[in-house]
Amino acid sequence: MDHFHERFGELHAEDVPLTAIAEAVGTPVYVYAEATIVRHFRVFRQALEAAGIDRPLVAYAVKANPNLSVLAALAREGAGADVVSEGELHRALAAGVPPGRILFSGVGKTQAEMAAALQAGILQINVESEEELAELSQVATALGRRAPVALRVNPDVDARTNPKIATGRGEAKFGIPRDRILAAWAQAEALPSLAPTGLAVHVGSQLTDLAPFAAAIRVMGELLAALRSAGHAVRRVDLGGGLGIPYDPSLPAPPTPADYARLVAQATAGWGVELAFEPGRLVVGNAGVLLSRVVRVKRGATRTFVVLDAAMNDLIRPTLYGVFHHIRAVRPRPGVVNATFVGPVCETGDTFAEDRATTPLEPGDLVALMTAGAYGATMASTYNSRPLVPEVLVRGDRWALVRPRLTPAELAAHERLAPWLAEAP
Ligand code: LLP
């Protein structure tokens, strides 16, 4: 469900025609519908509550889309934040997420990041190794603070998703192996300045099957029981993110938040803990499109190329993971043709879609790469010295440029010539 729809033969974001944004800001540009962001957050939280989960903490995974306006819209809904760097922590706080709703995940937190998290007074640090426990204890002791800690479990569960974004297998770098959790908890209790409070797990992203979630929750339940029978108090279990969303309209839809919530409620019944969740893609994925203009329609040796002004540096997902993004014409013409959508970057991998059925397109036409709100703008780069892609937020009939385009001149001005190269040769 999203708020991008055709009205009077033209694609709109809520009540704003995408052509108006393209004319004012230029292309490529990311456009987000605030109504979709808010709706998805509410649908997820309400699904959990309706399934009987008492006051779940929904900590939005900032990495999916860290735009400050996106975070501010979610903060107003009462969202928490799952952050993985000092940069994300800074953004979440700046956008108004209370520290008491912030979780810090990540396998490589530096001591500076640990200190920043402790000084901000966040809810919980999800610790991913015994080595990290020892370091966090030192940092917290030096600051005179107690660090609230959850142990991230590596449950050895196959998420059955793209291998690049599966995180729950035993050989993955994430979490503490399940058979070492009891010892790690005892270590945390014995170390100064640590307050072990919970467990955390995250098995992967874009899961389209509930079975891996069920398997991970089962492992968590076993660990919870084992910790309690060893006399430890476990107050919170963080079940991570990962619920998939529809990208390809021709495929069956993935499980809904209600399906997921029912599974979680059943599988965690009687646990007596606060449950936390870290959805990212589910909240923002369908809330964004990458709006792009057709530069040229080129007849190749064997096929027709639609060359867009957006490229792999603006949306890396098709290149990096080989995944599908639906492409819609903003003003569709009648008929169907076949085309390969590419960007201008000098790599064959700069391809958004191969041999895709589309309405006929001509130079100057606008297209929307759909479902680009998650892991889109945030993974953009300036490769080929292309300007960093701007972002627009829409609410109803209003819109705002929330991240202006960074031009090649601005980017170059940020660099310094080595002094010996600034002099005449
Ligand atoms: N929690 C943790 C600890 C995570 O590592 C992630 C995502 C999430 C929550 C949020 O997962 P989500 O609900 O968004 O699936 N760049 C890739 C996705 C990488 C996901 C990394 N971790 C992509 O474009 O598909």
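Residues numbered from 1 in each chain as written. Predicted model: local features only at pLDDT ≥ 70, side-chain atom pairs only at ≥ 80, totals over all residues. Heavy atoms only, no water.

A. Layout of the domain arrangement of the chain. If you check the domain split of the chain, you get domain 1 (4–32 + 285–404) and domain 2 (34–281). Centre-to-centre, using C-alpha coordinates, domain 1 lies 32 Å away from domain 2. Each partner contributes to the interface: domain 1 provides 23 residues, whereas domain 2 provides 23 residues. Three residues stand out in domain 1 for area buried against domain 2, namely Tyr321, Phe324 and Tyr375, and they jointly supply 26% of the buried area on that side. Counting every contact that joins domain 1 to domain 2 gives one salt bridge. With a closest N to O distance of 2.9 Å, Arg395 and Glu34 form a salt bridge. When residues of the side of domain 1 that touches domain 2 are traced back to their parent elements, those giving at least two are α11 (317–321), β20 (391–395) and β21 (398–403). No other element matches the four residues that β20 contributes to the side of domain 1 that touches domain 2. By residue class, the composition of the side of domain 1 that touches domain 2 is 11 nonpolar, seven polar and five charged. (Domains from an automatic or database assignment. Contact = heavy atoms within 4.5 Å. Buried area = accessible area lost by both parts, 1.4 Å probe. Salt bridge = Lys/Arg side-chain N within 4 Å of Asp/Glu carboxyl O. Helix = DSSP H or I, 4+ residues; strand = E, 2+ residues; numbered from the N terminus. Nonpolar A, V, L, I, M, F, W, Y, C, P; charged D, E, K, R; others polar.)

B. Region of interest: the site of the ligand. Taken together, 18 residues form the shell around the ligand, and within it Ser205, Glu278, Arg281, Arg317 and Tyr375 come nearest. In the environment of the ligand, an oxygen atom lies 2.9 Å from a nitrogen or oxygen atom belonging to the backbone of Gly280. Between the ligand and the protein, one listed contact pairs an oxygen atom with a side-chain N or O atom of Arg317 at 2.6 Å. When the ligand sits alone it has 590 Å² of accessible area, and the protein chains cover 92% of it. More than half of the atoms of the ligand fall within 2 Å of the grid points belonging to the largest pocket. Across the shell around the ligand, the residue classes tally to six nonpolar, six polar and six charged. Residues lining the shell around the ligand come from more than one domain, with at least three contributed by each of domain 1 (4–32 + 285–404) and domain 2 (34–281). (Near = heavy atom within 4 Å. Polar contact = N/O pair within 3.5 Å; in protein donor to acceptor, adjacent residues only side chain to side chain. Areas by Shrake-Rupley, 256 points an atom, 1.4 Å probe, with all protein chains shown as cover. 1 Å grid on protein atoms, 1.4 Å probe; cavity = no way out; pocket = protein on both sides within 12 Å on 5 of 7 lines; lining within 4 Å. Sits in = over half its atoms within 2 Å of the grid points.)

C. Just a nonpolar patch on the surface, in detail. Taken together, Leu417, Trp420 and Leu421 make up a surface patch of nonpolar side chains, about 410 Å² in accessible area. Summarising the element assignment, Leu417 is placed in the loop between α12 (408–413) and α13 (419–422). Judged by its relative accessible area of 61%, Leu417 falls in the exposed class. (Patch = residues over 30% accessible without salt bridge, like charges linked within 9 Å, V, L, I, M, F, W, Y side chains within 5 Å. Buried < 20%, exposed > 50% of the residue type's maximum accessible area, 1.4 Å probe, protein only.)

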